[in-house]
Amino acid sequence: EVVTAALLSIIIGWSWRDALDAFVVTNSVMGAVFAACGGILAWYRPRNPIGWLFVAAGLAHATTAAAAPAIQLLIEGNAPLTVQRLVVTAFAWSWPWSIGLCLPLALLLFPDGRPPSRRWLWIVLAVIVTAPLFAIEMGAAPQSSEPGVPIGYLTFAGYGALQPLWTATEIRNLLALSLGLAALGVRYRRGSDVE
């Protein structure tokens, strides 16, 4: 997907700045790095969820990276609106799972795939249960991300009325990532030399 994102960006004539503005560069880097690290971890420690979470995070970002220039190519090629909307939907709904679920969960479970103690289990469960909120916030907006780009599927008209929920979702993300970093700190202080 990262190679596809780069090739499609070249095909449609995007400059480095265009690719950067469309988040192709950042999503490609995150996609490649997360997937490579996750692949190594999953290969050598398949029972540890950290590797699989990184692979999933990488795929989520890489999907968004490939979708961005694909949308432009489909629009310029007058592809059927259904196809354009499918790719827009993939673009909007992919990357939030990495930020809202995979990354905080990996931080909470690092390095052995378990929370630092049983008291942290409720935080792990809260992150899992509330992760769809961020994906919905990012994917369900019923307006176009750019002029000339169609609206994706899985949107709803009452989105704007839920602004307090979206604000709470942003606070939830900040809290989830902060708690993940706190879990790393706890692990570091309590851990053995190997940990």
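One can find the structure itself at the top, above this paragraph.
What counts, and where the lines are drawn
- Residues numbered from 1 in each chain as written.
- Predicted model: local features only at pLDDT ≥ 70, side-chain atom pairs only at ≥ 80, totals over all residues.
- Heavy atoms only, no water.
- Axes fitted to C-alpha atoms, helices over the stretch in contact; angles between N-to-C directions.
- Helix = DSSP H or I, 4+ residues; strand = E, 2+ residues; numbered from the N terminus.
- Parallel < 35°, antiparallel > 145°, perpendicular 65-115°, else oblique.
- Left-handed = near helix turned anticlockwise from the far one by under 90°.
- Contact = heavy atoms within 4.5 Å.
- Nonpolar A, V, L, I, M, F, W, Y, C, P; charged D, E, K, R; others polar.
- Phe/Tyr/Trp six-rings, centres within 6.5 Å; stacked < 30°, edge-to-face > 60°.
- Buried < 20%, exposed > 50% of the residue type's maximum accessible area, 1.4 Å probe, protein only.

## Let's talk about the packing of helix α6 (residues 121-139) against helix α7 (residues 163-190)
Closest axis-to-axis distance for the α6/α7 pair is 9 Å, and the angle between their directions is 135 degrees. It follows from the interaxial angle that α6 and α7 lie oblique. Crossing of α6 against α7: the hand is left-handed. When α6 is examined against α7, the residues Ile123, Val127, Thr130, Ala131, Leu133, Phe134, Ile136, Glu137 and Met138 are found in contact with a partner set consisting of Leu165, Trp166, Thr169, Glu170, Arg172, Asn173, Ala176 and Leu179. Residue composition of the contact of α6 with α7, by class: eleven nonpolar, three polar and three charged.

## Structural notes on the packing of aromatic side chains
Across all of its chains, the model carries four aromatic pairs by this definition. Ring plane angle 40 degrees and centroid distance 5.6 Å describe the contact between phenylalanine 34 and phenylalanine 54, whose orientation is recorded as tilted. With phenylalanine 34 in helix α3 (residues 24-44) and phenylalanine 54 in helix α4 (residues 49-76), this residue pair connects regions lying 20 residues apart in the sequence. Owing to a relative accessible area of 17%, phenylalanine 54 belongs among the buried residues under this scheme. With 5.0 Å between their ring centres and 25 degrees between their planes, tyrosine 159 and tryptophan 166 make a pair best called stacked.

## What to know about the packing of helix α5 (residues 81-109) against α7
For any two helices packed against each other, one specifies the crossing angle of their axes together with the interaxial distance. In the contact formed by α5 and α7, the axes pass within 7 Å of each other and the chain directions differ by 20 degrees. The angle between the axes of α5 and α7 places the two elements in the roughly parallel class. The handedness of the crossing between α5 and α7 is left-handed. Between α5 and α7, the residues in contact are Gly100, Leu103, Pro104, Leu107, Leu108 and Leu109 and Arg172, Asn173, Ala176, Leu177, Leu179, Gly180, Leu181, Ala183, Leu184 and Arg187, respectively. Grouping the constituent residues of the contact of α5 with α7 by class yields eleven nonpolar, three polar and two charged.

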